Number of protein chains: 2
Amino acid sequence: MKLLEARIQQDGKVRGTEVLKVDRFLNHQIDVKLLQEIGQEFQRLFGDCGVTKILTIEASGIGIACVTAQYFGVPVIFAKKNKTKNIAGDVYTSKVESFTHGQVYDIIVSKEFLHPEDRVLLIDDFLANGSALQGLIHLVRASGAELVGAGICIEKAFQPGGDLIRGMGVRVESLARVARMSEAGGVEFC
Amino acid sequence: MKLLEARIQQDGKVRGTEVLKVDRFLNHQIDVKLLQEIGQEFQRLFGDCGVTKILTIEASGIGIACVTAQYFGVPVIFAKKNKTKNIAGDVYTSKVESFTHGQVYDIIVSKEFLHPEDRVLLIDDFLANGSALQGLIHLVRASGAELVGAGICIEKAFQPGGDLIRGMGVRVESLARVARMSEAGGVEFC
């Protein structure tokens, strides 16, 4: 998606060779008009798949998922990172290792919201090592729902997540795929 | 807002006398069509205030803020609850005590995204004790930006947050105001 690549070139910031900050438009400040373009692109890619639910993970996936869901006419579910007293009862759970925070945490989705008859599209901002996406896939499979695929805004294609998830037989559509990056050389796309 | 009140009556779950679970449509599964109605209502209330930024707090405020921001044509900023290695540099920070989790945490917003010339609308799902909203107000005031007001989906009017925030001179518009609630009696609105 040329619009997203151009925005990454313009406003993204590379830290070292592995961290790409997109705080200006995607996961701290959010350009909602850009999200609308992203949502329409996901609808173009997955619109004929009979999606009934969009599943994402807090926090930065939520805005992308909600704007995207408007074009599908389906609800969003966001997996929660910590069990709070406001979620009781039966949940599907999975472990995720955070690339950003360097820690392992549980994600949960209430069993009330995922059913065998659902067709689920995963949405997230980044695909790097694939741990968050693996966790979401595990939740969907535990529920018996059909996994339609994953719509990712930015894939760091030099990290193993994309190959890993595609190797699991999951359709992954990434709107911008970073081949390599550096502070001096900037971002190069696949 | 009658539509939201009706949805709370239909799908909300009261736990004890203080916890109102709206996991079915607002903060675990999200009914995006309902968010569109909510966003249009906030636009009706604050549309003439010259809003330049919508500020919310992760996680459950993000979807509401992003859908609402479409009707204002402005970006969303979400305050983050933990400092990660992906946010470096100068930030505004404030302490928040979570009603749901029973703990104190820091919230931060990068100084890059709030400026004295901004006119900021706060958006959140709940107003209970007002701690999260106070934290956001502190961030806005620290930046020198103008605080236009706060758009809240559900105010638990039997808790002190609403009076507290209005007493600070902040315009608060709550779409559903709960007067009292109980597991046996359900939810009564103001």
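Everything below is about the structure shown above.
Values in this document were obtained by computation on a predicted structure and should not be read as measured data. Numbering of residues starts from 1 in each chain and follows the order in which that chain's sequence is written. All chains are assigned letters beginning at A, and all ligands numbers beginning at 1, according to the order in which they are written. Side-chain atom pairs in this predicted model are given and counted only at pLDDT of 80 or more, local residue features only at pLDDT of at least 70, and totals for whole chains, interfaces and linings cover all residues. Heavy atoms throughout the structure, all of them, feed into the side-chain values; hydrogens and water do not.

Chemist: Just checking my understanding: could you explain the side chain of His28(A) for this structure?
Modeler: On the secondary structure map, His28(A) appears in the loop between β2 (19-21) and β3 (29-30). Within the structure, His28(A) has its side chain in polar contact with the backbone nitrogen of Ser110(B) (distance 3.0 Å). To qualify as a helix, a DSSP run of H or I must reach at least 4 residues; to qualify as a strand, a run of E must reach at least 2; elements of each kind are numbered from the N terminus. Residues adjacent in sequence count toward polar contacts only when both atoms are side-chain atoms; beyond that, a polar contact is any pair of N or O atoms within 3.5 Å, and within protein one must be able to donate a hydrogen and the other to accept it.

Chemist: Would you mind showing me how to read the sheet that holds strand β4 (residues 53-57) of chain B here?
Modeler: Strand pairing in a sheet relies on backbone hydrogen bonds, with the paired strands running either antiparallel or parallel. A pair of strands is labelled paired if DSSP reports no fewer than 2 bridges between them. The 7 strands are arranged β3(A)-β5(B)-β4(B)-β8(B)-β9(B)-β10(B)-β11(B) in an open sheet whose pairing can be described as mixed. For this open sheet the edge positions go to β3 of chain A together with β11 (186-189) of chain B, each flanked by a neighbour on one side alone. The sheet contact formed by strand β9 (residues 146-156) of chain B and strand β10 (residues 172-182) of chain B spans 6 bridges and is parallel. Its bridge partner lying in β10(B), Glu155(B) is registered against Arg177(B). Whether two residues are in contact is decided by their heavy atoms, any of which lying within 4.5 Å being enough. In this description, a line fitted to the C-alpha atoms serves as the axis of each element, helices being fitted only across the stretch in contact, and the angle between N-to-C directions of two axes falls anywhere from 0 to 180 degrees. Together, β3 of chain A together with β4, β5 (76-79), β8 (119-127) and β9 of chain B form the strand contacts of helix α3 (residues 61-72) of chain B, whose direction differs from that of β4(B) by roughly 170°.

Chemist: Where do I start with the sheet that holds strand β8 (residues 119-127) of chain A in this structure?
Modeler: An order of β11(A)-β10(A)-β9(A)-β8(A)-β4(A)-β5(A)-β3(B) is seen for the 7 strands of this open sheet, with the pairing classed as mixed. The two strands at the open ends of the sheet, each matched to only one other strand, are β11 (186-189) of chain A together with β3 (29-30) of chain B. In this structure, β8(A) lies alongside strand β9 (residues 146-156) of chain A, joined through 8 bridges in parallel fashion. By the bridge assignment, Leu121(A) is partnered in β9(A) with Gly149(A). Where helix α4 (residues 131-143) of chain A meets the sheet, its contacts fall on β4 (53-57), β5 (76-79), β8 and β9 of chain A, and the angle it forms with β8(A) comes to roughly 170°.

Chemist: Help me out: how do you make sense of α3(B) in this one?
Modeler: The periodicity of an α-helix, 3.6 residues per turn, causes residues three or four places apart in sequence to face the same way. Residues and elements named next belong to chain B. Helix span, as expected, comes to 1.5 Å for every residue beyond the first. For α3, built from 12 residues, the straight-helix expectation of 16 Å at 1.5 Å per residue is met to within 8% by its first-to-last C-alpha distance of 16 Å. Note on classification: 1.4 Å probe, protein chains only; a residue is buried when its accessible area is under 20% of the maximum for its type, exposed when over 50%, partly exposed between these limits. Buried residues dominate α3, accounting for 11 of its 12 residues. Within α3 the residues assigned to the buried category are Gly 61, Ile 62, Gly 63, Ile 64, Ala 65, Cys 66, Val 67, Thr 68, Ala 69, Gln 70 and Phe 72. Once α3 ends, the next one or two residues include Gly 73, with phi positive near 70°.

Chemist: How should the relation of the copies chain B and chain A be read in this particular structure?
Modeler: One copy of the chain maps onto the second through a rotation about an axis and a displacement along it. We superpose the copies by least squares over the C-alpha atoms of residues that have a pLDDT of at least 70 in both of them. Overlaying chain B on chain A yields an RMSD of 0.0 Å, the required transformation being a rotation through 180° with an accompanying axial translation of 0.0 Å. When the rotation and shift are considered jointly, the pair of chain copies conforms to a two-fold rotation axis. The overlap is high: 100% of the interface residues of chain B also sit at the interface in chain A, so the same surface is used on both sides.

Chemist: Explain the interface of chain B and chain A to me, please; I cannot follow it from the model alone.
Modeler: Interfaces are often described in size by the accessible area the parts lose on coming together. Counting residues at the interface gives 43 residues for chain B, matched by 43 residues for chain A. Roughly 3,600 Å² is buried in total at the junction of chain B and chain A, and carbon and sulfur atoms are behind 57% of that figure. Should a side-chain nitrogen of Lys or Arg be within 4 Å of a carboxyl oxygen of Asp or Glu, the pair is scored as a salt bridge. Applying the counting criterion to the chain B and chain A interface returns 4 salt bridges. Between Glu112(B) and Lys13(A) there is a salt bridge; the shortest N-O distance is 3.4 Å. Taken together, the connections running from chain B to chain A amount to 13 residue pairs in polar contact (both at pLDDT 80 or more). At 6 residues, the largest contribution of residues to the side of chain B that touches chain A is made by α3(B). Three classes are used: nonpolar for Ala, Val, Leu, Ile, Met, Phe, Trp, Tyr, Cys and Pro, charged for Asp, Glu, Lys and Arg, and polar for all others, with Gly counted as polar. Tallied by class, the residues present in the side of chain B that touches chain A amount to 20 nonpolar, 13 polar and 10 charged. Of the strand pairs in this sheet, β5(A) and β3(B) are connected by 2 bridges, and their pairing is antiparallel. Looking across to β3(B), one finds that Val76(A) is bridged to Ile30(B). By buried area we mean how much accessible surface two parts lose on assembly, using a 1.4 Å probe and totalling the loss over both.

Chemist: What exactly am I supposed to notice about the environment of Lys13(B) here?
Modeler: Among the structural elements, Lys13(B) can be located in strand β1 (residues 13-15). With 40 residues separating them along the chain, Lys13(B) and Lys53(B) place their C-alpha atoms 33 Å apart. At 3.4 Å, the side chain of Lys13(B) forms a polar contact with the side chain of Glu112(A).

Chemist: Would you mind going over the pattern of salt bridges with me for this structure?
Modeler: Should their charged atoms come close, side chains of opposite charge can pair. Throughout the structure, instances matching the rule amount to 28 salt bridges over all chains. With a closest N to O distance of 2.8 Å, Asp106(A) and Lys95(A) form a salt bridge. You can see Asp106(A) sitting in strand β7 (residues 104-110) and its partner Lys95(A) sitting in strand β6 (residues 91-97), a full 11 residues away along the chain. Judged by its relative accessible area of 57%, Lys95(A) is exposed. The partner of Arg177(A) in a salt bridge is Glu155(A), with the nearest N and O atoms 3.2 Å apart. Pair noted here: Arg177(A) is in strand β10 (residues 172-182) and Glu155(A) is in strand β9, with a separation of 22 residues, a long-range link. Salt bridges here are not isolated pairs; linked through shared partners, they connect Arg7(A), Asp11(A), Lys13(A), Arg24(A), Asp31(A) and Glu112(B).

Chemist: Would you explain the packing of helix α2 (residues 32-46) of chain A against helix α3 (residues 61-72) of chain A in this entry?
Modeler: Residues and elements named next belong to chain A. Packing of α2 against α3 leaves a shortest axis separation of 8 Å and a crossing angle of 55°. One way to sum up the angle between α2 and α3 is to call them oblique. Judged by the sense of rotation from one axis to the other, the crossing of α2 with α3 is right-handed. Touching Val 32, Leu 35, Gln 36, Ile 38, Gly 39, Gln 40, Phe 42, Gln 43 and Phe 46 of α2 are Gly 63, Ile 64, Val 67, Thr 68, Tyr 71 and Phe 72, all from α3. Considered class by class, the residues forming the contact of α2 with α3 number 9 nonpolar, 6 polar and no charged. Our angle categories are set so that under 35 degrees counts as roughly parallel, over 145 as roughly antiparallel, 65 to 115 as roughly perpendicular, and the remainder as oblique. For any helix crossing, the convention is left-handed if the near helix is rotated counterclockwise from the far helix by under a right angle, and right-handed if that rotation is clockwise.

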